[in-house]
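Working through the structure, step by step
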Amino acid sequence: MNLAKALWRQGLSEPDTPAIFFGAQQWATYGQWATRSASLAKNLLDAGLKAGDRVMIFMGNHPRYLEILWGCWWAGLVVVPVNAKLHPEEAAWIASDSGARWVFVNGEGSHDDLGSLRNAERLLDISHDETAALFEPEHALSGLPPPAESAHDALAWLFYTSGTTGRPKGVILTTRNLMTVGMTYCVDVDSVSRHDAMLYAAPMSHGCGIYAIPHLMAGARHVVPKSGGVNAQEMFELGRELGAVTTFAAPTIVKRLVDYCAHMGLSHDEVAASFKTIVYGGAPMYLADIKKALAIMGPRFVQIYGQGESPMTATVLSKYHIANTQHPRYLQRLASVGVAQTPVLVRVVDAANRFLPPGEIGEVMVRGDPVMLGYWNQPEATANTLVDGWLKTGDLGCLSEDGFLTLKERSKDVIISGGTNIYPREVEEVLLTHPGLAEVSVLGAPDPEWGEIVVACVVPSPGYTLTAEELDAHCLAHIARFKRPKKYIFKETLPKNNYGKVLKTQLSQELREAQAAKQPPSAN
Ligand code: AMP
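Please read all numbers here as calculations on a predicted model, not as lab measurements. (Residues numbered from 1 in each chain as written. Predicted model: local features only at pLDDT ≥ 70, side-chain atom pairs only at ≥ 80, totals over all residues. Heavy atoms only, no water.)

This part is about the domain arrangement of the chain. Splitting the chain by domain gives domain 1 (5-323), domain 2 (343-410) and domain 3 (415-517). For domain 1 and domain 2, the distance between their C-alpha centroids amounts to 26 Å. Of the residues lining the interface, 29 residues belong to domain 1; the matching set on domain 2 comes to 24 residues. Buried surface at the junction of domain 1 and domain 2, summed over both partners, amounts to about 2000 Å²; 65% is from carbon and sulfur atoms. Of all residues in domain 1, the largest losses of buried area upon contact with domain 2 belong to Ile172, Tyr305 and Glu309, amounting jointly to 26% of the total for that side. Here domain 1 is connected to domain 2 by 0 salt bridges. At the junction of domain 1 and domain 2, the tally comes to 11 residue pairs in polar contact (both at pLDDT 80 or more). (Domains from an automatic or database assignment. Contact = heavy atoms within 4.5 Å. Buried area = accessible area lost by both parts, 1.4 Å probe. Salt bridge = Lys/Arg side-chain N within 4 Å of Asp/Glu carboxyl O. Polar contact = N/O pair within 3.5 Å; in protein donor to acceptor, adjacent residues only side chain to side chain.)

Here we come to the packing of aromatic side chains. Tallied over the full model, the rule gives 12 aromatic pairs. On the basis of an interplanar angle of 25° and a centroid distance of 5.6 Å, the ring pair of Tyr30 and Trp33 is categorised as stacked. Pair noted here: Tyr30 and Trp33 are both in helix α2 (residues 30-46), with a separation of 3 residues, about one helical turn. Under the relative-accessibility criterion, Tyr30 is labelled buried at 0%. Residues Tyr185 and Tyr211 carry aromatic rings whose centres are separated by 4.6 Å and whose planes lie at 65° to one another, so their mutual orientation is edge-to-face. With a gap of 26 residues between them, Tyr185 in helix α6 (residues 175-189) and Tyr211 in the loop between α7 (207-210) and α8 (212-217) connect regions that are remote in the sequence. Here a set of aromatic residues connected by ring pairs shows up, and it is made of Tyr30, Trp33, Trp70, Trp73 and Trp157. Positioned above the aromatic ring of Phe355, the side-chain terminus of Arg347 is 5.3 Å from the ring centre. The ring of Trp450 has Lys486 lying over it, and the distance from NZ or CZ to the ring centre is 4.8 Å. (Phe/Tyr/Trp six-rings, centres within 6.5 Å; stacked < 30°, edge-to-face > 60°. Helix = DSSP H or I, 4+ residues; strand = E, 2+ residues; numbered from the N terminus. Buried < 20%, exposed > 50% of the residue type's maximum accessible area, 1.4 Å probe, protein only. Lys NZ or Arg CZ within 6 Å of the ring centre and 35° of its normal.)

It is worth spelling out the site of the ligand at this point. Every one of the 16 residues lining the ligand counts as a neighbour, but Gln307, Gly308, Asp395, Arg410 and Lys501 are closest to it. A distance of 2.9 Å separates a nitrogen atom of the ligand from a polar atom in the backbone of Ile304. Within the side chain of Asp395, one N or O atom sits 2.6 Å away from an oxygen atom of the ligand. For the ligand, whose accessible area on its own is 490 Å², the fraction buried by protein is 90%. Elements with a contribution of two residues or more to the shell around the ligand: β13 (301-307) and β21 (405-410). In terms of residue count, β13 provides more of the shell around the ligand than any other element does, 5 residues in total. Class assignment of the residues belonging to the shell around the ligand gives a composition of 6 nonpolar, 7 polar and 3 charged. Built from parts of two domains, the shell around the ligand gets at least three residues from each of domain 1 (5-323) and domain 2 (343-410). (Near = heavy atom within 4 Å. Areas by Shrake-Rupley, 256 points an atom, 1.4 Å probe, with all protein chains shown as cover. Nonpolar A, V, L, I, M, F, W, Y, C, P; charged D, E, K, R; others polar.)

Attention shifts here to unusual backbone geometry. We note that Met312 has phi near 60°; this positive angle belongs to a residue other than glycine. Relative to the helices and strands, Met312 is located in strand β14 (residues 310-317). Backbone geometry at Asn377 places phi at a positive 55°, although glycine is not the residue there. Structurally, the position occupied by Asn377 is in the loop between β18 (374-375) and α15 (379-385).

Look at helix α1 (residues 5-13) against α2: their axes get within 7 Å of each other, and the N-to-C directions meet at 130°. If you check the angle between α1 and α2, you find them oblique. For the pair α1 and α2, the crossing hand works out as left-handed. Across from Leu7, Gln10 and Gly11 in α1, the residues of α2 making contact are Tyr30, Gly31, Trp33, Ala34 and Ser37. When grouped by side-chain class, the residues that make up the contact of α1 with α2 number 4 nonpolar, 4 polar and no charged. (Axes fitted to C-alpha atoms, helices over the stretch in contact; angles between N-to-C directions. Parallel < 35°, antiparallel > 145°, perpendicular 65-115°, else oblique. Left-handed = near helix turned anticlockwise from the far one by under 90°.)

This is how it looks when you write it as structure tokens:
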């Protein structure tokens, strides 16, 4: 089995069907995409690369991304997609850890200085003519070698975790993992047909790129915005021009779309003309935010929960569940991450890995075909994370009687104050119901008396003057006294990584440094 088989099939049977767009302009038909990827595969193998060798992609979103991914798979090679915002030295570390032989970069992007990445066996800049030549077909698709035969458990995608603590780890994802994730999308997340279009605004090096698999399987269109990233106006316009697109959006991106929509005063019909489906996930979506998103953009949202180790595939909160406002437990469901996706089992366990009954909080475990084989060259980390075939996610949550999973926190983010567990997410949810708050992140700060105290870093809504007293009164009206923040830090923005996740480790670090210096942290 080979992930490129679907492209081969599409290229032969539907050669003239539009496949890839760069902005609103067609970049390739399925015939062209397949022929370019097959040509690249042939050139890679002719140059001496062998099945199983690693090829790194250190590029922002670009149509070539898709041609490289499938070209590598066509040849039986392993892709190492690296977040384009990493420092070249961090990328160089990943290149060396993964043993990547060739590295694709986009010189038009932000990498002026590639540092030690230049030590790669070959560094290929997609903006150079000689790299473009690798995709130029010498033969028609039918005259090029078909996709390599590879085992179901052959390594296909070596994904490096964001590594908020220590060095990132390479997550080994196989053909089986990615095939399952692709097919599950079509069953659990959204139906896909050749009339659909997937818009890649979030980084393709992460889950968003993996969503190319189901859209290719269904012969749909793939749209890379000219900006290569998130620009709400561009996203709306592309949807209007190409016909209601689907996109993956971390909660921060959803916010930007909602703000744009509200600012432009768009009706639900106008939104529907741009977006068929918005899949959100990757970080907590607060109840107040999803309610606002639904009110402003209408019922076009699906939530997924997953992690690099079981990409995009642990649970799903479907459009149906999100729209079913009449259900007696509608709000609990909306605040949850939904039910287990088809190919996985999801359980909550105690510290001894024993299954817990519904309602009890413990660590979330996932088992099934999307789950990684292990970490690259890290047997110890693998043994700690894969236990009896179960993936330990490091997330805390609880299941309801009817199978909905509510996430509480990453276990390392739980605050223990005076011996009691406080889940930041719960406090954040309450604070966000205050109309004057745009964003919040709650964390623990070391305290000699309590062990830790609850601190809230808050970003006021534009034009709103907020005080700590006002927020304290709001908390007192909604949650137990002991859970409410003892301290508020007002900020203009919260630090986030390239995938839109708030960098709690950076905030904690700032807090510790400010405590050490006995002065409040900066406003940025
Ligand atoms: P990553 O491996 O970078 O994709 O990060 C995965 C982590 O993001 C998970 O372990 C969760 O902590 C968090 N996450 C992913 N999806 C969701 C979601 N829908 N709601 C809340 N947190 C999420």
